[in-house]
Amino acid sequence: KKTCVAVILALVFSIGLALSAHAKPIVVKFSHVVAENTPKGKMANKFRDLVAERMGDKVVVEVYPNSQLFNDDGVLQALLLGDVQLAAPALSKFQKYTDVLQIYDLPFLFKDMEAVECFQQGPQGMKMLQSMSNKGILGLGYLHNGMKQLSSSSPLRVPEDAAGKKFRIMTSDVLAAQFEAVNAIPLKKPFSEVFTLLQTKAIDGQENTWSNIYSQKFYEVQPYITESNHGLLDYLVVTSVEFWSGLPEDVATELEDTLADALAYGNEESYNLSQQQKQMIIDSGRSEIIELTDEERAKWVEAMKPVWDQFADEIGQENIDAAVACN
Ligand code: LMR
């Protein structure tokens, strides 16, 4: 009888062991809208690979690029519903949830990417990661893409050249105000529709980084690109408060450290890709790159900068001052 009990106990024990060894890893779905050969695409894949390497028995990251799962207008809703666990929309796409992130859309605010880095890693930038916690969205870190350029079906040298023209923008009132400031017509449209809108000439132009203009082939349907560096396109990696707070503490910490490594890699790639892909556009001969003289650039600054005052109350003047101090 005793041996019988011992055998049963041993059986129960080994079944228990087998079950715990096969405990299902936590699945993290990461949805984004760009191609894989972009700063965000590369960062996401790097994060997936690092997680597999370091904690593959506990967590599996699945990456869905190219708006395959959700576009940026739908992904935050999906995050809140638990259909995805990670996303990294452009900072311009959070207007429904917070006002302060609108700072990143102010035209001609940051002199270069070093100034952006200075502000993001400073106290104001760090505090903004939490600005949507009360709405259930948690910022985990920033990722760079780079400065935006203006592409168009006709040459844009001075603000008057943009008057009456239709430009696609992301879902941001600051970006709308920026184009209205030069008497252009802004249209909020999802990223996945931009190529077709340009190709069919439903719109005249758009603003984006070298990386997006290259990887989405906008340069094939836009004969002119003005090197304006007038604004920033960066991202916030976000998760839901509900998902994140439900993770075992050690898992959350390890994921956060791993994400920091993936972000550092993505930020470095953003610089390299921007240089390389700008050169590929030049080499293609499909688009003429317009370099502005100091005088011409000053005219764009003069026309667009009043947008800062329009949004100073919502953003907070102290935040704008801190950003300017980073230049
Ligand atoms: C855009 O909509 O133009 C960008 O946000 C796309 C992206 O994620 O880089």
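You'll find the structure just up there.
The shown structure was predicted, so the numbers you read here are calculated from the model rather than taken from an experiment. (Residues numbered from 1 in each chain as written. Predicted model: local features only at pLDDT ≥ 70, side-chain atom pairs only at ≥ 80, totals over all residues. Heavy atoms only, no water.)

**Focus: the state of the cysteines**
What counts, and what does not: Cysteine sulfur pairs qualify as disulfides if the two atoms are within 2.5 Å. Think of it this way: any DSSP run of H or I at least four residues long counts as a helix, any run of E at least two long counts as a strand, and we number them from the N terminus. We call a residue buried when its accessible area falls under 20% of the maximum for its residue type, exposed when it is over 50%, and partly exposed in between, using a 1.4 Å probe and counting protein chains only.
Under the criterion given, the structure shown has 1 disulfide. The disulfide that involves Cys118 links it to Cys326, with 2.0 Å between the sulfurs. Looking down the S-S bond of the Cys118 and Cys326 bridge, the torsion is -70 degrees, so its handedness is left-handed. On the criterion of sequence distance, the pair formed by Cys118 in helix 4 (residues 113-121) and Cys326 in the segment after helix 13 (317-325) is long-range, its members being 208 residues apart. The class of Cys326 is buried, set by a relative accessible area of 17%.

**Describing empty space enclosed by the protein**
To be explicit about the condition: The method works on a 1 Å grid over the protein atoms by themselves. A cavity is a set of points holding a 1.4 Å probe that cannot get out, a pocket is an open set with protein on both sides within 12 Å along at least five of seven lines, and residues with an atom within 4 Å of a point line them. Grid points are joined across faces, edges and corners, and a volume is the space filled by probe spheres set on the points. Gly is put with the polar residues, along with every residue not named as nonpolar or charged; the nonpolar set is Ala, Val, Leu, Ile, Met, Phe, Trp, Tyr, Cys and Pro, and the charged set is Asp, Glu, Lys and Arg.
Counted under the stated rule, the structure contains 4 cavities of 30 Å³ or more. Here the largest cavity defines a volume of roughly 70 Å³. Surrounding the largest cavity, 13 residues form its lining, Ala90, Lys93, Asn212, Leu233 and Tyr235 being those nearest its centre. Residues belonging to the lining of the largest cavity are distributed by class as follows: 7 nonpolar, 2 polar and 4 charged.

**Some words on the site of the ligand**
Which entries qualify depends on this criterion: Any residue with a heavy atom lying within 4 Å of a molecule or strand is counted as near it. Under the rule applied, a polar contact is a pair of N or O atoms within 3.5 Å (in protein, one hydrogen donor and one hydrogen acceptor; residues adjacent in sequence only if both atoms are side-chain atoms). Per-residue and other accessible areas were derived by the Shrake-Rupley procedure at a 1.4 Å probe size, with only the shown protein chains allowed to occlude residues. What decides whether a molecule sits in a cavity or pocket is whether more than half of its atoms lie within 2 Å of the grid points.
Lining the immediate environment of the ligand, one finds Val33, Val34, Lys40, Ala90, Lys93, Arg168, Met170, Phe191, Asn208, Asn212, Leu233 and Tyr235. Interatomic distance of 2.8 Å between a side-chain N/O atom of Arg168 and an oxygen atom of the ligand. Compared with its free state, where it exposes 270 Å², the ligand has 100% of that area covered by protein. The cavity that encloses the ligand is the largest cavity.

**Examining the pairing of strand 4 (residues 137-152)**
Just so we agree on the cut-off: Strands were regarded as paired on the criterion that DSSP finds at least two bridges between them.
Counted residue by residue, strand 4 has 16 buried out of 16 residues, so it is predominantly covered. Of the strand pairs in this sheet, strand 4 and strand 8 (residues 224-240) are connected by 13 bridges, and their pairing is antiparallel. Within strand 8, the position partnered with Tyr142 by the bridge is Leu236. Pairing of strand 4 with strand 7 (residues 205-208) involves 4 bridges; the strand directions are antiparallel. Residue pairing for strand 7: Ser152 is matched across the bridge by Gly205.

**So, the layout of surface pockets**
Taken as a whole, the largest pocket holds about 440 Å³ of empty space. Around the largest pocket sit 19 residues that line it, and Met113, Gly146, Tyr271, Ser274 and Gln275 are the ones nearest its centre. Mapped by element, the contributors of at least two residues to the lining of the largest pocket are helix 4, strand 4, strand 8 and helix 10 (249-284). With 7 residues, the top contributor of residues to the lining of the largest pocket is helix 10. Among the residues forming the lining of the largest pocket, the class breakdown is 4 nonpolar, 10 polar and 5 charged. Taken as a whole, the second largest pocket spans an internal volume of roughly 150 Å³. In terms of lining residues, the second largest pocket is bounded by Asp72, Asp73, Leu76, Lys93, Phe94, Gln95, Lys96, Tyr97 and Thr171. Taken together, the residues of the lining of the second largest pocket sort by class into 3 nonpolar, 2 polar and 4 charged.

**What to know about the environment of Lys127**
Topologically, Lys127 is positioned in helix 5 (residues 123-127). Judged by its relative accessible area of 67%, Lys127 falls in the exposed class. Lys127 sits 27 residues away from Val100 along the chain, and the two C-alpha atoms are 10.0 Å apart.

**Quick word on the nonpolar core**
Here is a general trend for soluble globular proteins: nonpolar side chains tend to be buried in one another's company. Note the cut-off: Definition used in this section: a nonpolar core is a set of buried Ala, Val, Leu, Ile, Met, Phe, Trp, Tyr and Cys residues joined via side-chain atoms within 4.5 Å. Any two residues whose heavy atoms approach within 4.5 Å are treated as being in contact.
Residues Phe30, Phe47, Leu255 and Trp300 are the most contacted members of the largest nonpolar core, which totals 58 residues. Per-element tally for this core: the top contributor is helix 10, with 7 residues. Every residue in contact with Phe30, bar those within four places of it in the chain, is listed here: Met43, Ala44, Phe47, Val61, Glu62, Val63, Tyr64, Leu86, Ala87 and Ala88. Within the second largest apolar cluster, 38 residues are counted, among which are Leu91, Leu106, Val116 and Trp308.

**Quick notes on the environment of Ile289**
The topology assignment puts Ile289 in strand 9 (residues 288-291). Taking relative accessible area as the criterion, Ile289 reaches 22% and is therefore assigned partly exposed. Remark: the alpha-carbon pair of Ile289 and Gln68, spanning 221 residues in sequence, is separated by 31 Å. If sequence neighbours within four positions are ignored, Ile289 has contacts with Trp210, Ile225, Glu227, Ile281 and Ile282.

**Topic: the packing of aromatic side chains**
For clarity, the threshold we go by: Stacked, tilted and edge-to-face pairs are distinguished by plane angle, under 30 degrees for stacked and over 60 for edge-to-face with tilted covering the rest, among Phe, Tyr and Trp rings (Trp via its six-membered ring) whose centres lie within 6.5 Å.
Under the definition given, this model contains 7 aromatic pairs. Summarising the aromatic geometry, the rings of Phe167 and Phe179 are spaced 4.6 Å apart at their centres and angled 20 degrees between planes, so their arrangement reads as stacked. Here Phe167 is found in strand 5 (residues 166-169), whereas its partner Phe179 is found in helix 6 (residues 173-180), with 12 residues between them in sequence. One exposure class covers both Phe167 and Phe179, and it is buried. Taking 6.1 Å as the distance between ring centres and 75 degrees as the angle between the ring planes, the aromatic pair formed by Phe191 and Phe218 counts as edge-to-face. One end of the pair, Phe191, is in the loop between strand 6 (185-188) and helix 7 (194-199); the other, Phe218, is in the loop between helix 8 (210-215) and strand 8, and 27 residues separate them in sequence. Across the pair, exposure class does not vary: Phe191 and Phe218 are buried alike.

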